[in-house]
Amino acid sequence: MRSGRTTPLLVLLRAVAVPVAAVSLAVVTLAGCATGPGARAWATSVCTALAPWRTEIGSLTDKTQQQMTAKTTPAQAKENLMRLFGGAEQASEKARVGVHDAGVPDVDGGEQVAESFEAALGAMRDAYGRAKSGIEALPTTKSETFYARVAVVVQRLQTEYEQSAPDTSRLDSAELKRAFDEVPECR
């Protein structure tokens, strides 16, 4: 059983949850183009795909944090983290498929918007998958070593998350911004 390691691990888990908002917030600055659903319909579809993803990521993080506040062994912590990252990987893939299924918004640059958004979710899915594999590979025999290596895996996840955010600096669509501000599914 461990007792003094809860706080550092909880700090790491909270850090993992922070990037989740990056993709959903990036939506409002994206632009698009192509023949497909209008901006409002596309925004509705995208927000509908992202809502369960954000909820699932938050729920998995909360559950893991609750479990980690209890006295746990490195083996229990490993199981909790693998469940968190595996669930986040699955939720990210489901959101990516939902965004893919939303099609290409019929606005200027829509194809680029749809592709970059889908790619960002795919990169997040992959980052969670690598984090799960990284945790899975950790030995749990020495508590201090285990938690130090968990910190390395989580730091790598954070870095990959930051790199996966779509570059919205060249994309700007007033029509999509307005749609994301107005459709109820995006609030």
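Keep in mind that this is a model prediction, so the values were computed, not measured. (Residues numbered from 1 in each chain as written. Predicted model: local features only at pLDDT ≥ 70, side-chain atom pairs only at ≥ 80, totals over all residues. Heavy atoms only, no water.)

Novice: How do you make sense of the pattern of salt bridges when you look at a structure like this?
Specialist: Between side chains of opposite charge, a pair can form as their charged atoms come close. Using the criterion set out here, one finds eight salt bridges in the structure. For Arg96, the salt bridge goes to Glu93, with nearest N and O atoms at 2.8 Å. In this pair, Arg96 and Glu93 are both assigned in helix H4 (residues 74-101), three residues apart and thus about one turn of the helix distant. Classification of Glu93 as partly exposed rests on a relative accessible area of 24%. A salt bridge links Glu93 to Arg125; the shortest N-O distance between them is 2.5 Å. Here Glu93, found in helix H4, pairs with Arg125, found in helix H5 (residues 110-136); they are 32 residues apart in sequence, far enough to count as distant. Connected via shared salt-bridge partners are Glu93, Arg96, Glu118, Arg125 and Asp126. (Salt bridge = Lys/Arg side-chain N within 4 Å of Asp/Glu carboxyl O. Helix = DSSP H or I, 4+ residues; strand = E, 2+ residues; numbered from the N terminus. Buried < 20%, exposed > 50% of the residue type's maximum accessible area, 1.4 Å probe, protein only.)

Novice: I keep staring at helix H6 (residues 143-164) and nothing clicks. Help me out?
Specialist: Between its first and last C-alpha, H6 extends 31 Å over 22 residues, near the 32 Å set by a 1.5 Å rise per residue. Turning to H6, its buried residues are Ser143, Phe146, Tyr147, Val150, Val153, Val154, Leu157, Gln158, Glu160, Tyr161 and Ser164. End-on view of H6: buried residues confined to an arc of 165 degrees, all on one side of the axis. Facing away from the buried surface of H6 by more than 90 degrees, the exposed residues are Glu144, Val152, Glu162 and Gln163. (Expected span 1.5 Å × (residues − 1). Arc of directions from axis to C-beta.)

Novice: Explanation requested: the state of the cysteines in the structure shown.
Specialist: Here, disulfide denotes a covalent bond that connects the sulfur atoms of two cysteines. Taken as a whole, this structure holds one disulfide when the rule is applied. Here Cys47 pairs with Cys186 through a disulfide, and the sulfurs are 1.9 Å apart. On the sign convention where negative is left-handed, the bridge of Cys47 and Cys186, at about 100 degrees about the S-S bond, is right-handed. Within this pair, whereas Cys47 is found in helix H3 (residues 39-69), its partner Cys186 is found in the segment after helix H7 (174-182), the two being separated by 139 residues in sequence. (Disulfide = S-S within 2.5 Å.)

Novice: What am I meant to see in the packing of H5 against H6 here?
Specialist: Two measures define how a pair of helices packs: the angle their axes make with one another and the distance between the axes. Two numbers describe how H5 lies on H6: the axes approach to 9 Å, and their chain directions differ by 170 degrees. Judged on the interaxial angle alone, H6 and H5 are roughly antiparallel. Contacts from Ala120, Ala123, Met124, Ala127, Tyr128, Arg130, Ala131, Gly134 and Ile135 of H5 reach H6 at Val150, Val153, Arg156, Leu157, Glu160, Tyr161 and Ser164. Per-class residue counts for the contact of H5 with H6 are eleven nonpolar, two polar and three charged. (Axes fitted to C-alpha atoms, helices over the stretch in contact; angles between N-to-C directions. Parallel < 35°, antiparallel > 145°, perpendicular 65-115°, else oblique. Contact = heavy atoms within 4.5 Å. Nonpolar A, V, L, I, M, F, W, Y, C, P; charged D, E, K, R; others polar.)

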